[in-house]
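Take a look at the letters that make up each chain.
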Amino acid sequence: MQGIERRNQRLAGRFTYSYQSRYMFDVNIGYNGSENFASGHQFGLFPAVSGAWNLAEEKFIQDNLKWMDMFKFRYSYGKVGNDYMPIRFPYLASFTTDPARGYNWGDIESNNSFSSLAYSIIASNSITWEVATKHNMGLDFSLFGDKFGGALDYFHEQRDGIYMTRDFMPPSVGILPAAAPRANVGSTLNKGFDGQLKFSQQINKVNLTVRGTMVYSRNEILEADEQYSNYPYVRRAGFRVNQNKGLVALGLFKDYEDIRNSPVQSFGRVAPGDIKYKDINGDGAIDDNDIVPVGATRFPNLTYGFGLSANWKGFDASVLFQGAGKSSFFINGYTVYPFSSGDWGNILTDVVESNRWILGENEDVNAMYPRLSYNGSANNYRASSYWLRESSYMRLKTVDAGYTFPKVFTNRMGIKTMRLYLMGTNLLTFSSFKLWDPEMNSTNGQQYPLSKTITMGLNLNL
């Protein structure tokens, strides 16, 4: 059945109303059916409604505030559905042979063994649409003859019925982990705001434009398939999607007396210069129950960009900055952990030249790197606040300058337009993280970084 053509059914309708570009109203309705769900769960209704009011079109505004070209308030609400799943027809069970759980059929002198059948997929008869409920409130404006304008939005999206594998069902249910069913048990919330602004002005004979954009969002897991725990911080619910989790480091062990007077760390043998962790639950031992949310996520919650462009008598220039923030990640790998892979592997210069712990030379408990360990250290090379780094950055993305030759000159050569330009990309990066390019989103720096380029060229339009 996996080879047959996919089938979906859709019925959609729309109603739109606008009155003098002042009041706007829109209604959309979708009724969709998917092959992925069992009978009775195949169809979902997904309505959406939006409205807007352009205040600038009101007569009292036009008579008194002529500088207001547009000032539109808008709001929208709607539901959308998702039927995508890693497997087709999850409401149908699948079986496979399992020699490990076979049986014998024969007499005492004959060994006739047969493979048994086992579930490879448990049927999920009640699974249905994953639904996102979206709200958006915004403002569009243009003022002073379109010299100043922009758009501001607040968004709020709750996604319910997220497909998740039931990985934490008790063994008493009798389902093998490989055959665990899926269900609509997840829920997340994502909210934030975004905006863009533009300002244009002519100063003498110089045309100047300034632009900026920014998006900030924050999500939270409301529900997830997970087992009960006495420690709420080990759960996913209540924290962000892809939240960084690790141990809380208290620095490095000073000496063996410090080790004896500290909670037992259950990640192998420790010595002075190794990372010392905090006993979060107070049970006198450091183990996986002391792993807590630390920092943010690897994916930025804040992205932004701003730029400036100007032109004067054929000369033009533009500058663009971009950046990201509200994100963090753990550094790891043999570039950060010297000799963790034996006697091979590149080592970062920062590890050699920075403040690292050295027996008898630099026994600083706040050193940037712990003691060296040949073939690795199970205690030191764990995700923890010790290895957590902030990945915010701002980059001078592009600088472009050029000159467009006057038509009096180009017409003589049979050319419509000719522009000579010089452009640079990825010229400067401002960040507290210096080991590698933070935009790479890499934990070990073992990726090819963005190239810094300078280009000179000539554009001809014949």
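Residues numbered from 1 in each chain as written. Predicted model: local features only at pLDDT ≥ 70, side-chain atom pairs only at ≥ 80, totals over all residues. Heavy atoms only, no water.

**A short note on the overall build of the chain**
Here's step 1: When helices and strands are tallied, the chain shows 4 helices and 23 strands.
Here's step 2: For 462 residues, the compact-globule estimate of 2.2 N^0.38 gives 23 Å, and the chain exceeds it by more than 25% at 31 Å.
Here's step 3: Here the chain holds 462 residues, and the buried ones make up 36% of them.
Here's step 4: Long-range contacts, defined here as pairs at least 24 residues apart, represent 65% of the contacts in the chain between residues at least 6 apart.
Here's step 5: Accessible surface for the chain amounts to roughly 27400 Å². Of this, 57% is attributable to carbon and sulfur atoms.
Here's step 6: Taking the average location of the 46 positive side-chain charges in the chain and that of its 43 negative ones, the two points are 11 Å from each other. (Helix = DSSP H or I, 4+ residues; strand = E, 2+ residues; numbered from the N terminus. Rg over C-alpha atoms; globule rule 2.2 N^0.38 Å. Buried < 20%, exposed > 50% of the residue type's maximum accessible area, 1.4 Å probe, protein only. Contact = heavy atoms within 4.5 Å. Areas by Shrake-Rupley, 256 points an atom, 1.4 Å probe, with all protein chains shown as cover. Lys, Arg positive; Asp, Glu negative; His and termini not counted. Charge placed at Lys NZ, Arg CZ, Asp CG, Glu CD.)

**A closer look at the side chain of Arg88**
Here's step 1: One can find Arg88 in the loop between β4 (68–82) and β5 (94–104).
Here's step 2: At 2.9 Å, the side chain of Arg88 forms a polar contact with the side chain of Glu35. (Polar contact = N/O pair within 3.5 Å; in protein donor to acceptor, adjacent residues only side chain to side chain.)

**Some remarks on the pairing of strand β8 (residues 148–165)**
Within a regular strand, side chains alternate between the sheet's two faces.
Here's step 1: Direction of pairing for strand β7 (residues 130–143) relative to β8: antiparallel, over a ladder of 13 bridges. By the bridge assignment, Ser142 is partnered in β8 with Gly149.
Here's step 2: Pairing of β8 with strand β9 (residues 182–203), which is carried by 17 bridges, proceeds in the antiparallel orientation. Its bridge partner lying in β9, Met164 is registered against Ala183. (Pairing = 2+ DSSP bridges.)

**A short note on the side chain of Thr209**
Here's step 1: Topologically, Thr209 is positioned in strand β10 (residues 206–223).
Here's step 2: The buried category is assigned to Thr209, whose relative accessible area is 17%.
Here's step 3: When near neighbours in sequence (up to four residues on either side) are disregarded, Thr209 contacts Lys198, Phe199, Ser200, Gly307, Leu308 and Ser309.

**Considering the packing of aromatic side chains**
Here's step 1: Under the defined criterion, the tally for this structure stands at 24 aromatic pairs.
Here's step 2: Plain terms: the ring middles of Tyr403 and Phe405 are 5.1 Å apart, the flat faces sit at 75° to each other, and that makes the pair edge-to-face.
Here's step 3: Taken together, the ring pairs in this structure connect Trp53, Phe71, Phe73, Phe141 and Phe148 into an aromatic cluster. (Phe/Tyr/Trp six-rings, centres within 6.5 Å; stacked < 30°, edge-to-face > 60°.)

**Notes on the pattern of salt bridges**
Here's step 1: Under the counting rule described, the total for this entry stands at 20 salt bridges.
Here's step 2: Between Arg382 and Asp288 there is a salt bridge, with the nearest N and O atoms lying 3.0 Å from each other. Placement of the pair is Arg382 in the loop between α3 (349–353) and β20 (388–390) and Asp288 in the loop between β15 (285–286) and β16 (292–297), with a sequence separation of 94 residues.
Here's step 3: Sharing partners across several salt bridges, the network here consists of Glu130, Lys134, Glu157 and Arg159. (Salt bridge = Lys/Arg side-chain N within 4 Å of Asp/Glu carboxyl O.)

**Quick word on the nonpolar core**
Here's step 1: Judged by nonpolar contacts, the single largest core of 22 residues is most densely connected at Ile275, Tyr277, Ile331, Val336, Trp387 and Trp436.
Here's step 2: Where this core is concerned, the elements lending two or more residues are β12 (249–252) and β14 (275–277).
Here's step 3: Once residues within four sequence positions are removed from consideration, Tyr277 is found in contact with Leu247, Val248, Ala249, Leu250, Gln265, Phe267, Ile286, Asn379, Asn380, Arg382 and Ser384.
Here's step 4: In terms of nonpolar packing, the next biggest core, distinct from the first, is built from 8 residues, Leu55, Ala56, Ile61 and Leu139 among them. (Core = buried A, V, L, I, M, F, W, Y, C linked by side-chain atoms within 4.5 Å.)

**With respect to the confidence of the model for the chain**
Here's step 1: When pLDDT is averaged across the chain, the result is 90; 96% of the residues are at 70 or more.
Here's step 2: Mean pLDDT values over the elements of the chain span from 72, in β5, up to 97, in β14. (pLDDT = per-residue confidence, 0-100.)

**Considerations on the environment of Leu460**
Here's step 1: Checked against the element boundaries, Leu460 lands in strand β23 (residues 453–461).
Here's step 2: With residues up to four places along the chain from it excluded, the contact list for Leu460 reads Ile415, Thr417 and Met418.

**Digging into unusual backbone geometry**
Here's step 1: In this structure, Phe89 takes a positive phi of about 55° despite not being glycine.
Here's step 2: Looking at the element boundaries, Phe89 is found in the loop between β4 and β5.
Here's step 3: Positive phi is not limited to glycine here, since Asn375 has a value of about 70°.
Here's step 4: When its relative accessible area of 52% is taken as the criterion, Asn375 is described as exposed.

**Things to note about a nonpolar patch on the surface**
Here's step 1: Taken together, the side chains of Phe15, Tyr17, Tyr19, Tyr23, Phe25, Trp53 and Phe73 present a nonpolar region at the surface, about 690 Å² in accessible area.
Here's step 2: Those elements that place two or more of their residues in the nonpolar patch are β1 (8–19) and β2 (23–34).
Here's step 3: With 3 residues, β1 is the single largest residue contributor to the nonpolar patch.
Here's step 4: With a relative accessible area of 49%, Phe15 lands in the partly exposed category. (Patch = residues over 30% accessible without salt bridge, like charges linked within 9 Å, V, L, I, M, F, W, Y side chains within 5 Å.)

**Focus: the pairing of strand β17 (residues 302–312)**
Here's step 1: Here 10 bridges tie β10 to β17, and the two strands are oriented antiparallel to one another. Its bridge partner being in β17, Thr213 is matched across the sheet by Gly305.
Here's step 2: If you look at the hairpin formed by β17 and strand β18 (residues 315–325), you'll find 2 residues sitting between the two strands, and Lys313 has a positive phi there, around 50°.

**Here's the deal with the environment of Asn355**
Here's step 1: With respect to the helices and strands, the residue Asn355 is situated in the loop between α3 and β20.
Here's step 2: Expressed as a C-alpha distance, the spacing of Asn355 and Met368, which sit 13 residues apart in the sequence, is 5.5 Å.
Here's step 3: Those residues within four positions of Asn355 in sequence are excluded, and the remaining contacts are Asn362, Asp364, Asn366, Ala367, Met368 and Tyr369.
Here's step 4: Within the local environment of Asn355, its side chain forms a polar contact with the side chain of Asn362, the two groups lying 2.5 Å apart.
Here's step 5: One polar contact links Asn355 to Asp364, side chain to side chain, over a distance of 3.1 Å.

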